[in-house]
Amino acid sequence: SEARLKILLSHLNTGNTSFSGLSFGVPCRQASAPQQERNDYVIIPRNPMFTPRITSREQYSRMYMDSIQDPSTFWGRLAQDFYWRKGWNTSQPLCKYNFDVQRGPIFVEWFRGGYTNICYNALDRHVLAGKGEQPALLWEGNDAGQDMRLTYQDLLSYTCQISNFLLARNVAKGDRVCIYMPMIPELPCAMLACARIGAIHSVVFAGFSAEALAGRILDCHPKVVITCSAFKRGNKLIDLKTIVDASLQLCLDRENFSIDTCLVYHNHRASLREDTSWKGGRDLWWQDVIPGMAKEAPLEWMEAEDPLFMLYTSGSTGKPKGVVHTVGGYMVFSAVTFKYVFDHQPGDIFWCTADCGWITGHTYVTYGPLLNCATCVIYEGIPVWPDAGRYWQIVDKFKVTTFHTAPTAIRTLEASGDKFVKKHSRKSLRLLGSVGEPINSKAWWWYHDIVGEKRCPIVDTWWQTETGATMISPLPWGWPLKPGSATLPFFGVQLAVVDQNGNEKHGACEGFLCIKGPWPGIARTLYLNHDRYEQSYFKTFSGYYTTGDGCKRDNDGYYWITGRIDDVINVSGHRISTGEVESVLNAQDTCAESAVVAIPHEVKGQGIYAFAVLVQGATPSEELKRSYLLSVRKEIGAFAAPEVIHWTPGLPKTRSGKVMRRILRKIACGEENDLGDLSSLADSAVVDDILKSKPSQ
Ligand code: ATP
Ligand code: MG
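Residues numbered from 1 in each chain as written. Chains lettered and ligands numbered in written order. Predicted model: local features only at pLDDT ≥ 70, side-chain atom pairs only at ≥ 80, totals over all residues. Heavy atoms only, no water.

This part takes up the UniProt feature "domain: AMP-binding enzyme C-terminal" (unreviewed entry) in the protein chain. Those places that UniProt annotates as "domain: AMP-binding enzyme C-terminal" (unreviewed entry) correspond, in this numbering, to residues 580-658. Between the C-alpha atoms that bound residues 580-658 the distance is 16 Å, and the span itself is 27% helix and 32% strand. (UniProt positions renumbered as here; feature names shortened; annotations may be inferred. Helix = DSSP H or I, 4+ residues; strand = E, 2+ residues; numbered from the N terminus.)

Here you go:
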């Protein structure tokens, strides 16, 4: 990533005259989409039924200042909401850290000396407070009519049984456990069961291939793999156990690595026991061993800085990184962000559609909600099964109040038409969330007007696997929204916009998004690779955590994420963010989604190559291409017009729905033979489709 940054910086320093007066940070135009330039404020009227936690920007600013000026008091007070077996050292600052490689190794510590357990705080604490009968998880299966309801007591008992099983298989504190399961209640229970006994869980998204799973197993050498026989996603049957077997064979062939225990949940909805491939001795049926375990289990009291879990990043920009989070800081930060960002109120029904295989599913399906004693929905299937109204049918069924999803899902549903939304009432909804990518303004307005009927604020939450939880987001009803802006930093988050020399900029500006000081949820290292951690986040700009994203800060202090640093394209000295061009393309009625990348250009330095996916019923034509180009010329300028429009049936996406631009870049540049690590692609068949549809140039 440093090499890429250098390339980018060299573009910025070309001395090209058309570039003069355009130092990075003095944008010639707004980096965001034209529609967003109207700078319109969106104010959502308050619901008289309840008082939001934050009611004004002044109230937020006071709390924010407290969090920055005196973090020990601020976070110390919030951490009192949890049970600590032993309090943290009060004779030293709550947080110790070094962000400067010049001064020595990078480290961050919070709540040193404190002992706690996140599973205890997520389950036992609520049951002991008499809330055992409260629903914790409302599960909805892939096919309508399959559902399940688990109370806090149910969840605690089930989790303890899994913990007892792991203990019986000699899993001890610090051992890794790999969890490769679909979105069934057993998945969060398995995570909590690991946390209870101090085992480090590594959840791998169940859409990954045997190859991807093997890479992740070999990276952390787990003692146990927990999986499921098979499952259905839409009308597709996924034979998960066969993938696990193939993957474990790869581990054996490559590094002679084998595991002792593979725990297999028998999913009777998708497979028969006798059809499941099996290795005696190693493989055990969940249903044969778990129900017999005791429903109470011992706890491991964990030091605040003991590792809680590891999780691989999406791999949008390179080989996925094994991000490590620790117990104390992650617990406090995930819980507090959940409470404020989603304005959690008693009686809320929360639904985050993320899979537990990515960080949002860790923080806002499992830990954040349960730490707050919330009731949440978990859904096994996809948004368009059996039709594009499924999400809204589930919202009505469970009376969901708070709905959190990703822009990719919003765009898919938007392309399917409003009628699927309007068929369902959605009147329980009071708050909407978006996470994972920039949300373009067409999608934002559709989400706001059609899904939320203009009554629900949208919290556009920016964060990363490495940050543990939300870093930039509106706090609902706290201040006006602007479509496409994540608005303001969360408590304790000190953002800095820096220029290419690493100097911080002030006021309205544009540059690289960095973070100045530690927040409780920051990843402490990359698994067994602290060098790569320092290299990836701390060496680019000394003294800062570098996010890898570009951003703009406007006159109101609002932040606009403009995309990845390496997604800036330099055409004849004009810096164009990929998101800007994509927004124009996406705004075309016939365009379902798009992605643009840079290609080398003899005259201009770089040119733009656009991939566009058409909505159902639309067909590619020269005329359509001309109208797309015309729109880009009109909305942004002639210099931003793509050299190529490549009509493709789909885009290569990560498991979390992010477009993998590095693959598109290779395809656009004719480097098909060197596509790099494809292990985190959600569907690798799409690559062939793209190659087949490549226009001749
Ligand atoms: P890798 O680091 O392996 O390339 P990744 O960055 O895609 O993968 P994640 O940690 O899942 O892995 O994603 C974090 C990134 O997602 C952010 O750095 C940002 O680019 C993007 N992102 C997340 N939320 C938002 C948002 N609300 N607005 C804009 N971008 C977002
Ligand atoms: Mg990243």
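A word on the pattern of salt bridges. As enumerated under the stated definition, the model contains 33 salt bridges in all. The partner of Glu593 in a salt bridge is Lys653, and the shortest N-O contact between them spans 2.9 Å. Taken together, the residues Glu593 in strand S30 (residues 591-601) and Lys653 in the loop between strand S32 (644-647) and helix H19 (661-668) connect sequence positions 60 residues apart. Each member of the pair, Glu593 as well as Lys653, carries the same accessibility label: buried. In this structure, a network of salt bridges that share partners links the residues Glu140, Asp147, Arg390 and Lys397. (Salt bridge = Lys/Arg side-chain N within 4 Å of Asp/Glu carboxyl O. Buried < 20%, exposed > 50% of the residue type's maximum accessible area, 1.4 Å probe, protein only.)

If you look at the biggest cluster of nonpolar residues, it comprises 149 residues, and the most contacted ones within it are Trp75, Phe111, Leu166, Tyr367, Phe490 and Phe491. In terms of residues, this core owes the most to one element, helix H10 (residues 327-341), which gives 10 residues. If we skip the residues at most four places from it in the chain, Tyr367 touches Ile118, Met191, Leu192, Ala195, His201, Leu308, Phe309, Tyr330, Ser334 and His362. By size, the runner-up hydrophobic cluster in this structure holds 34 residues, among which are Ile44, Val395, Trp477 and Leu481. (Core = buried A, V, L, I, M, F, W, Y, C linked by side-chain atoms within 4.5 Å. Contact = heavy atoms within 4.5 Å.)

The subject of this paragraph is the site of ligand 1. In the vicinity of ligand 1 there are 20 residues, among which Thr313, Ser316, Thr317, Thr465 and Lys658 approach most closely. Between ligand 1 and Ser314, the relevant distance is 2.8 Å, taken from an oxygen atom to a side-chain nitrogen or oxygen of the residue. At 2.8 Å from a nitrogen atom of ligand 1 is found a side-chain nitrogen or oxygen belonging to Asp460. When the free accessible area of ligand 1 is taken as 630 Å², the share hidden by the protein chains comes to 96%. For the shell around ligand 1, the secondary-structure elements that each account for two or more residues are strand S21 (458-461) and strand S27 (559-564). (Near = heavy atom within 4 Å. Polar contact = N/O pair within 3.5 Å; in protein donor to acceptor, adjacent residues only side chain to side chain. Areas by Shrake-Rupley, 256 points an atom, 1.4 Å probe, with all protein chains shown as cover.)

In this section: helix H6 (residues 186-197). An ideal rise of 1.5 Å per residue puts 16 Å on 12 residues; H6 measures up with 17 Å between its terminal C-alpha atoms. Here H6 lies mainly inside the structure; 12 of its 12 residues are buried. In the segment just after H6, Gly198 is the residue with positive phi, at about 80 degrees. (Expected span 1.5 Å × (residues − 1).)

Taken together, 3 strands build an open sheet; the order of strands is S1-S4-S14 and the sheet is antiparallel. Edge positions in the sheet fall to strand S1 (84-86) and strand S14 (302-303), since each has one partner strand and no second. Here H10 sits on the sheet in contact with S1, strand S4 (115-116) and S14, set at roughly 150 degrees to S1. (Pairing = 2+ DSSP bridges. Axes fitted to C-alpha atoms, helices over the stretch in contact; angles between N-to-C directions.)

Judged by pairing direction, the sheet is mixed, and its 7 strands sit side by side in the order S6-S5-S18-S17-S19-S20-S21 without closing on themselves. Only two strands of the sheet have a single neighbouring strand rather than two, namely strand S6 (147-151) and S21. The average undirected angle you get between the axes of adjacent strands in this sheet is 20 degrees. As defined by bridge partners, strand S5 (residues 135-140) adjoins S6 across 5 bridges and the pair is classed as antiparallel.

Owing to its 3.6 residues per turn, the α-helix brings residues three or four apart onto one side. Taken across its 10 residues, helix H13 (residues 407-416) has 7 buried, putting it largely inside the fold. Among the residues of H13, those classed as buried are Pro407, Thr408, Ala409, Ile410, Arg411, Leu413 and Glu414. Looking at the buried residues of H13, the elements they touch are helix H12 (390-398), strand S19 (402-405), strand S20 (431-435), helix H15 (441-451), helix H17 (578-586) and S30. Positive phi appears at Gly417, one or two residues downstream of H13, with a value of about 105 degrees.

With burial as the criterion, each face of S19 is covered, one bearing Thr402 and His404 and the other bearing Phe403 and Thr405. Two strands pair when backbone bridges link them, and strand S17 (residues 349-352) and S19 are joined in this way by 3 bridges, in the parallel orientation. Across the sheet, Trp351 pairs through a bridge with Phe403, a residue of S19. Sheet topology note: the S19/S20 ladder contains 4 bridges and is parallel. Bridging across to S20, Thr402 finds its partner in Leu431.

This paragraph deals with the packing of helix H5 (residues 152-168) against H6. Helix-helix packing: each pair is described by the crossing angle between the helix axes and the interaxial distance. Axis separation between H5 and H6 bottoms out at 8 Å; the angle between their running directions is 60 degrees. Considered as vectors, H5 and H6 are oriented oblique to each other. In the packing of H5 onto H6, the handedness of the crossing is right-handed. In this structure, H5 contributes Leu155, Leu156, Tyr158, Thr159, Cys160, Ile162, Ser163, Leu166 and Leu167 to the contact, and H6 contributes Glu186, Cys189, Ala190, Leu192, Ala193, Cys194, Arg196 and Ile197. Looking at side-chain class alone, the contact of H5 with H6 contains 13 nonpolar, 2 polar and 2 charged residues. (Parallel < 35°, antiparallel > 145°, perpendicular 65-115°, else oblique. Left-handed = near helix turned anticlockwise from the far one by under 90°. Nonpolar A, V, L, I, M, F, W, Y, C, P; charged D, E, K, R; others polar.)

Counting buried residues in strand S15 (residues 307-312) gives 5 out of 6 residues, a clear majority hidden from the surface. Note that strand S8 (residues 200-203) and S15 share 2 bridges and pair parallel. Residue Ser202 lies in a different strand from S15, and its bridge partner there is Met310. Of the strand pairs in this sheet, S15 and strand S16 (residues 322-326) are connected by 5 bridges, and their pairing is antiparallel. Across the sheet, Pro307 pairs through a bridge with Thr326, a residue of S16.

Per the UniProt entry, the sites bearing "domain: Acetyl-coenzyme A synthetase N-terminal" (unreviewed entry) are residues 60-122 in this numbering. What you have in residues 60-122 is 38% helix and 21% strand, and the ends, taken at the C-alpha atoms, are 27 Å apart.

Moving on: the packing of helix H4 (residues 118-131) against H6. Between H4 and H6, whose axes approach to 7 Å, the crossing angle comes to 120 degrees. Accordingly, the angle class assigned to the pair H4 and H6 is oblique. For the pair formed by H4 and H6, the contact residues are Ile118, Cys119, Ala122, Leu123 and Asp124 on the first element and Leu192, Ala195 and Arg196 on the second.

Turning our eyes to something else, we now look at the side chain of Gln146. Of note, Gln146 is situated in the loop between S5 and S6. Judged by its relative accessible area of 19%, Gln146 is buried. Residues within four places of Gln146 in sequence aside, it is in contact with Trp139, Glu140, Gly141, Arg269 and Glu380.

Of all residues in the protein chain, 94% attain a pLDDT of 70 or more, and the chain-wide mean is 91. Between residues 3-38, whose pLDDT stays under 50, and residues either more than four places distant or in other chains, the model counts 73 contacts. The ipTM for the predicted assembly is 0.99, set against a pTM of 0.87. (pLDDT = per-residue confidence, 0-100.)

Our focus in this paragraph is the packing of aromatic side chains. In this structure the tally under the stated criterion is 49 aromatic pairs. Ring centres of Tyr158 and Trp286 lie 5.9 Å apart, and the angle between their planes is 80 degrees; on these two criteria the pair is classed as edge-to-face. One end of the pair, Tyr158, is in helix H5; the other, Trp286, is in helix H9 (residues 286-289), with 128 residues separating them in the sequence. In this structure, Tyr158 and Trp286 share a single accessibility class: buried. Ring centres of Phe338 and Phe342 lie 5.7 Å apart, and the angle between their planes is 50 degrees; on these two criteria the pair is classed as tilted. For the pair Phe338 and Phe342, one class covers both residues: buried. For the cation-ring pair, Lys482 lies above Tyr558, with the distance from its terminal atom to the ring centre recorded as 4.5 Å. A cation over a ring is seen here: Lys552 above Trp560, with NZ or CZ 4.7 Å from the ring centre. (Phe/Tyr/Trp six-rings, centres within 6.5 Å; stacked < 30°, edge-to-face > 60°. Lys NZ or Arg CZ within 6 Å of the ring centre and 35° of its normal.)

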